Amino acid sequence: MTRDLGRLSAVVDLAGALIRCPSRAGLDDHEPVLGVLEDWLTGRGLPYRRQHDDARRPVALLVEIAGGRPGPWWALDACVDTAPYGDESAWSFPPAAGDVVDGRLRGRGAADSKLAAALFCHIAAELHGRAGELRGGLAVLLDADEHTGGFGGARAYLADPDAVRPAGMMIGYPGLDEVVVGGRGLWRARISVHGTSGHSGSRRTVVGAVSRAAHLVRLLDTGPLPGVSGEFPLPPKLTVTYCHGGEGFSVVPDRCEIGVDVRTTPGFGARAAEDLVRAAVTGLDAALPAPRPTEVTAVASWPPYRLAEGEQPAAALLGAAAGQGLRVRAKTAGPSNIGNLLAAEGIPATAGFGLPYEGLHGVDELVHLADLPVVHTVYRRAVLDLLTG
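Residues numbered from 1 in each chain as written. Predicted model: local features only at pLDDT ≥ 70, side-chain atom pairs only at ≥ 80, totals over all residues. Heavy atoms only, no water.

**Description of the overall build of the chain**
Now for step 1: The number of helices and strands found in the chain is nine helices and 19 strands.
Now for step 2: With respect to the three principal axes, the spread of C-alpha positions in the chain is 80 × 45 × 40 Å.
Now for step 3: The 389 residues of the chain split such that 50% are buried.
Now for step 4: Here the chain displays about 16800 Å² of accessible surface, and carbon together with sulfur accounts for 51% of that area.
Now for step 5: Positive and negative charge centroids in the chain, built from 37 and 44 side chains respectively, lie 4 Å apart. (Helix = DSSP H or I, 4+ residues; strand = E, 2+ residues; numbered from the N terminus. Buried < 20%, exposed > 50% of the residue type's maximum accessible area, 1.4 Å probe, protein only. Areas by Shrake-Rupley, 256 points an atom, 1.4 Å probe, with all protein chains shown as cover. Lys, Arg positive; Asp, Glu negative; His and termini not counted. Charge placed at Lys NZ, Arg CZ, Asp CG, Glu CD.)

**Overview of the pairing of strand S6 (residues 135-143)**
Now for step 1: Burial runs high along S6: eight of the nine residues are buried.
Now for step 2: Note that strand S3 (residues 69-79) and S6 share eight bridges and pair parallel. Bridging from a neighbouring strand, Trp-73 pairs with Gly-137 of S6. (Pairing = 2+ DSSP bridges.)

**Concerning the packing of helix H2 (residues 31-43) against helix H3 (residues 110-128)**
Now for step 1: Where H2 meets H3, the axes come as close as 11 Å, and the angle between the chain directions of the two elements is 20 degrees. If you check the angle between H2 and H3, you find them roughly parallel. Crossing handedness for the pair H2 and H3: right-handed. For the pair H2 and H3, contact is made by Val-33, Leu-37, Trp-40 and Leu-41 and by Lys-114, Cys-121, His-122 and Ala-125, respectively. (Axes fitted to C-alpha atoms, helices over the stretch in contact; angles between N-to-C directions. Parallel < 35°, antiparallel > 145°, perpendicular 65-115°, else oblique. Left-handed = near helix turned anticlockwise from the far one by under 90°. Contact = heavy atoms within 4.5 Å.)

**Side note on helix H9 (residues 372-388)**
Now for step 1: Over its 17 residues, H9 runs 24 Å from end to end, which matches the ideal 24 Å to within 8%, given 1.5 Å per residue.
Now for step 2: Residues of H9 that are buried in the fold lie against helix H1 (9-19), S3, H3, S6, strand S7 (169-171) and helix H7 (314-323). (Expected span 1.5 Å × (residues − 1).)

**A short note on the layout of surface pockets**
Now for step 1: Here the largest pocket defines a volume of roughly 640 Å³.
Now for step 2: Lining the largest pocket are 23 residues, and of these Tyr-173, Pro-174, Val-180, Tyr-357 and Leu-360 sit closest to its centre.
Now for step 3: Put simply, the parts of the chain that give the lining of the largest pocket at least two residues each are strand S8 (178-183) and strand S16 (329-333).
Now for step 4: Here the lining of the largest pocket is composed, by residue class, of eleven nonpolar, seven polar and five charged. (1 Å grid on protein atoms, 1.4 Å probe; cavity = no way out; pocket = protein on both sides within 12 Å on 5 of 7 lines; lining within 4 Å. Points joined across faces, edges and corners; volume = space filled by probe spheres on them. Nonpolar A, V, L, I, M, F, W, Y, C, P; charged D, E, K, R; others polar.)

**Let's talk about the side chain of His-147**
Now for step 1: Positionally, His-147 belongs in the loop between S6 and helix H4 (152-159).
Now for step 2: In terms of polar contacts, His-147 uses its side chain to reach the side chain of Asp-112, at 3.0 Å.
Now for step 3: Setting aside residues no more than four positions away along its own chain, His-147 makes contact with Ala-25, Cys-79, Asp-81, Thr-82, Ala-83, Asp-112 and His-361. (Polar contact = N/O pair within 3.5 Å; in protein donor to acceptor, adjacent residues only side chain to side chain.)

**Let's talk about the sheet that holds strand S9 (residues 185-194)**
Now for step 1: Spatially, S11-S13-S9-S14 is the arrangement adopted by the four strands of the open sheet, whose pairing is antiparallel. Each edge of the open sheet carries a strand with a single partner, namely strand S11 (237-245) and strand S14 (295-302). Averaged over all pairs of adjacent strands, the angle between strand axes in this sheet comes to 15 degrees, irrespective of strand direction.
Now for step 2: In this sheet, S14 lies alongside S9 in antiparallel orientation, the contact comprising seven bridges. Considered in S14, the bridge of Leu-186 is made with Trp-302.
Now for step 3: Helix H5 (residues 209-221) contacts S9, S11 and strand S13 (255-264) of the sheet and is inclined by roughly 15 degrees relative to S13.
Now for step 4: Packing of helix H6 (residues 270-287) onto the sheet brings it into contact with S9, S11, S13 and S14, and relative to S9 it is tilted by some 20 degrees.

Written out as structure tokens, the structure is:
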């Protein structure tokens, strides 16, 4: 028990139990960690059900607290799968410790985001007893397929015909100083670059696919990108993220594949990103002809998004933080997050506002528990404002 946190010690106890169930994405069976949550929810009479992906694998738990009066539903989200441990010998404590030392909850998932999952479960339990006075309802999504990048829990929730579509969502990532209210989008593609095969020692000179790919990388790296425009505070960005081609030393390769990641903005969206990449490809094929034209295959596209600070649920969360005397910055993130997926569905989302942390996705992951009371108060106040306003 964590006695100095009073009744919130129970939040830490649940988070510790979740940490002690390894749930590394792609490595561990998630049944144990879902089982811990199901036992806890069942013991408190909270209504929940599993969410499944297309292969019928369980990817999340969905808790639903229906209010007694009409109104919109709102959602809290926290992942209960985690990043891998990495080099366990580099940790100064076991990655699945789940214990409290010097006011810090230790172990993989403490920051991202098992403590938030435990906190949101307790908020749901608090509101369950007064559901009749609430408008709309509260959903709590406990996602076990977030760190794969597939966001299977969120996708299953949005596809669930029995779930009420939320008017907005607050995602429980850690960090006390910022609330993410927007993010750049993305457009990603695989590019197949072709060339003429041959022997590397032949008298006949041919331009191989790797050499052509290198030329394309230079064209992409120097492509014209606009700067910051309008109210969105970040510019677009293009990155070549991989280059695969060739075998051995004596063969001139006839195919090379590169990956391109373009971070988009409201002023430079997916169409502009694709046009930029295809212009570079056209330039390559004109400058260095090959037996086959270069092929561009789009593989992912998410829109950029940004909430105004007065837009819900950002207004409720920022207002509740200000009510506790906290100076919390509204941030537009460079990396994409689950908020982009939700934006594509027309659902506004915030990400972040949680406990101070160390070692997220690295070694010695932990959160500092001293601010748990104020974080609990802020989320509880924000949720109540949304459900009673």
